[in-house]
Amino acid sequence: MPASSSTAALDVDGPPLGGIGELVRTRAASASGRCSYLEHARRDAGLRFVDLQVAVEAWAGWLRGSGVAGGARVGLLLGDPLEFAVAFVSLLAAGRWVAPLDPVAPPDAVAVGVGRLAPDLVVADRPRPAGLGGRWVELDRHSFVPGRGFAPRSSSDDVAPRAAQGPGRPVPVGDGAGGGAGGVVLTSSGTTGDPKVVPLGEAQLVHTAASVAVHHRLSPADRGFNPLPLFHVNAEVVGLLAALVAGAGVVLDDRFHRTGFWSLMERRRITWINAVPAIIARLAPLGPDERVPAGIRFVRSASAPLAPGTLARFEAATGLRVVETYGMTEAASQITANPLDGVRKPGSVGLPVGIDLRVVPDHRAVPDEVRVRHPGAGMVEIRGASVRAEPGDPEPRSGRAGHRRAGSDPDGAPGPDGGWLSTGDVGYLDDDGYLFLVGRHGDVINRGGEKIAPREAEELLLEDPAVRSAAVVGRPDAELGQVPVAYVVLHGVTGPPDAPKAARDVERLAESLRSRFARARRPEAIHVLVSLPATPTGKVRRRALVDGAEPVVFSSEVSR
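Each value, and the rule that gives it
- Residues numbered from 1 in each chain as written.
- Predicted model: local features only at pLDDT ≥ 70, side-chain atom pairs only at ≥ 80, totals over all residues.
- Heavy atoms only, no water.
- pLDDT = per-residue confidence, 0-100.
- Contact = heavy atoms within 4.5 Å.
- Axes fitted to C-alpha atoms, helices over the stretch in contact; angles between N-to-C directions.
- Helix = DSSP H or I, 4+ residues; strand = E, 2+ residues; numbered from the N terminus.
- Parallel < 35°, antiparallel > 145°, perpendicular 65-115°, else oblique.
- Nonpolar A, V, L, I, M, F, W, Y, C, P; charged D, E, K, R; others polar.
- Pairing = 2+ DSSP bridges.
- Core = buried A, V, L, I, M, F, W, Y, C linked by side-chain atoms within 4.5 Å.
- Buried < 20%, exposed > 50% of the residue type's maximum accessible area, 1.4 Å probe, protein only.
- Salt bridge = Lys/Arg side-chain N within 4 Å of Asp/Glu carboxyl O.

> I tried to follow the confidence of the model for the protein on my own but got confused; where do I start?
A low pLDDT score tells you not to read the predicted coordinates there in detail. Mean pLDDT for the protein: 82, with 83% of residues reaching 70 or above. Contacts for the low-pLDDT stretch residues 5-16, under 50 throughout, to residues beyond four places or in other chains number 24 contacts. Across residues 154-179 the pLDDT falls below 50, and counting only partners more than four positions away or on other chains, this stretch makes 56 contacts in the model.

This is how it looks when you write it as structure tokens:
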């Protein structure tokens, strides 16, 4: 039986949920309309809900006047988090499709992103990269006025917009008048393969945002803190839209800054923090003059596995609870979450929230040691109102007959009907329905026919307080096909001069691995890096480690 959860009765402030435009109008007209919705962490700038409504109307007028039809795809290349947030919500409310672009990407990478997402025009805070065609609209970055928002202006090389729907796009087109015609077009993280283009309709976004708001008990009294990149689904749905649903506030930062973090939380009266494991690991040791302010209810962890050792160190140091969650772009972010109160299980990503979830046993995809301990382990599959449809189908998955799950079984056979989407993750459910993830199917190491899960060795390495981050990957081997090797980042090791310290730490780590793992399952070597290659949301780019693209500070063999 699949595990499931429902948000049929939404306990949020205000009337029943509608589209994003309706949510904005409802918030602006409510008693909380004059409360802060968006604030910049680093400067004195922000918007109340009534200001947001004016900004939304201004953007809608500009879109109509500029010939940007309902259902058009609009690229956003904006580095300032407040500017991005206003444009993002305004475009969704106006029934357009938002295609966010990485604001720190170099010009060549911007061109690749534009080519992949194929926007009808790009709204940016910088000039067009040389050689890039299409419509380019520059934002007047100095035009912010409370109650008016940011005013876009066309650059001198602006040209007539193209048709709103290009050939083969998997998104619907509407006139934007009644809402529901827009959404967001994102790329998946691409940590184990080429990034995929993922369209998410407005109804999917609102459903997940409401699930987040209900599960985390967000209310107008809450002020969230989001340092995560806004061109990814987590910050967009969990940060911006969940706050809009709940009538809550959110403080936006351009990125995570460790220096002065807790004093910033106190000044901004933060009640919850949207984080990833890399941030939690950095915050775990408190400085001698640091203190955690009162009023923070929890820290939410997402985007990558959180090692139980890291969780324990953070909670012991700060006194704050960590709510570990699991999500993916194709589900509009959140899939499962540990309870805010009650049983939180270290190592588990919790229970399904607003979604159906099942684990399909598949011994060919499951590491051997996991299969022995958990016979029901297999591929994690999901369905529900937030789960994206097949390409070319604008409707979300809700168990309709005739739908196949995306992907296939390991032998290439198509999956069963029933609307299930394979997440590509391997895991198992315990007797209470909590989901435990073993890892990505593509991350499993095949050592001479024996399948090895990297996560178990990674968690052992992260138990050592000297280790900031760790990853285990499969190194090609002429005889065995693959062998596991470990990459670690150590506290206090910033380059070759720190090799002696690295050698001492690595010898201790190697001894731990030798004492806990049989030779066939333990990493054969440990490589020390200054940093692990990662995506903007903290997911390790394992292919880069396998390719040996990162400079190594120190290396040592483990097996003997």
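Next, the rest of the story.
> Even after reading the chapter, I still don't get the packing of helix α5 (residues 202-215) against helix α6 (residues 233-246), so can you show me in this structure?
Helix packing geometry: the angle between the two helix axes and the distance between the axes. α6 packs onto α5 with a crossing angle of 80° between their chain directions and a minimal axis gap of 8 Å. It follows from the interaxial angle that α5 and α6 lie roughly perpendicular. Packed against α5, whose contacting residues are L205, T208, A209, A210, V212 and A213, the element α6 presents V237, V238, L241, A242, V245 and A246 at the interface. Across the contact of α5 with α6, the residue classes break down as eleven nonpolar, one polar and no charged.

> Is there a simple way to think about the sheet that holds strand β12 (residues 249-252) in this case?
Adjacent strands of a sheet form backbone hydrogen bonds with each other and so pair up, either parallel or antiparallel. Reading across from one edge, β3-β2-β12-β11-β13-β14-β15-β16-β17 is the order of the nine strands in this open sheet, with mixed pairing throughout. Whereas interior strands pair on both sides, the edge strands pair on one side only; in this sheet they are β3 (46-48) and β17 (351-352). Where strand β13 (residues 272-275) lies against strand β14 (residues 298-301), four bridges are found, and the strand directions are parallel. Its bridge partner being in β14, N274 is matched across the sheet by R300. The strands that helix α3 (residues 81-93) touches are β2 (36-40), β3 and β12; relative to β2, the one it contacts most, it runs at about 145°.

> I'm lost on the nonpolar core in this one. Help?
Considering soluble globular proteins, one finds that nonpolar side chains tend to be buried as a cluster. Counting residues in hydrophobic clusters, the biggest one holds 91 residues, and the most contacted among them are Y37, F88, L244, W262 and I273. Looking at this core element by element, the count peaks at eleven residues for α6. When neighbours within four sequence positions are excluded, I273 is seen to be in contact with F225, F261, W262, M265, I296, F298, V299 and R300. The next biggest cluster of nonpolar side chains, apart from the first, holds 24 residues, and it includes L462, A486, L490 and V558.

> Explain the pairing of strand β9 (residues 183-187) here, please?
The buried fraction of β9 is high, at four of five residues. Taken together, the five bridges between β9 and strand β10 (residues 197-201) define a ladder with antiparallel strand orientation. What sits directly across from T187, in β10, is V197.

> I tried to follow the pattern of salt bridges on my own but got confused; where do I start?
Between side chains of opposite charge, pairing is possible as soon as their charged atoms come close. A complete count under the given rule lists 29 salt bridges for this structure. Taking the shortest distance from any N to any O, the salt bridge between D432 and K345 comes out at 2.7 Å. Taken as a pair, D432 in the loop between β20 (421-429) and β21 (435-440) and K345 in the loop between β16 (333-337) and β17 lie far apart in primary sequence, 87 residues in all. With a shortest N-O distance of 3.9 Å, R475 and E524 are connected by a salt bridge. Taken together, the positions of R475 in strand β24 (residues 467-477) and E524 in the loop between α12 (499-516) and β26 (525-529) put the pair 49 residues apart, joining distant regions of the chain. Residue class for E524 comes out buried when judged on its relative accessible area of 15%. If you follow the salt bridges from partner to partner, you end up with D464, K501, D505 and R508 in one network.

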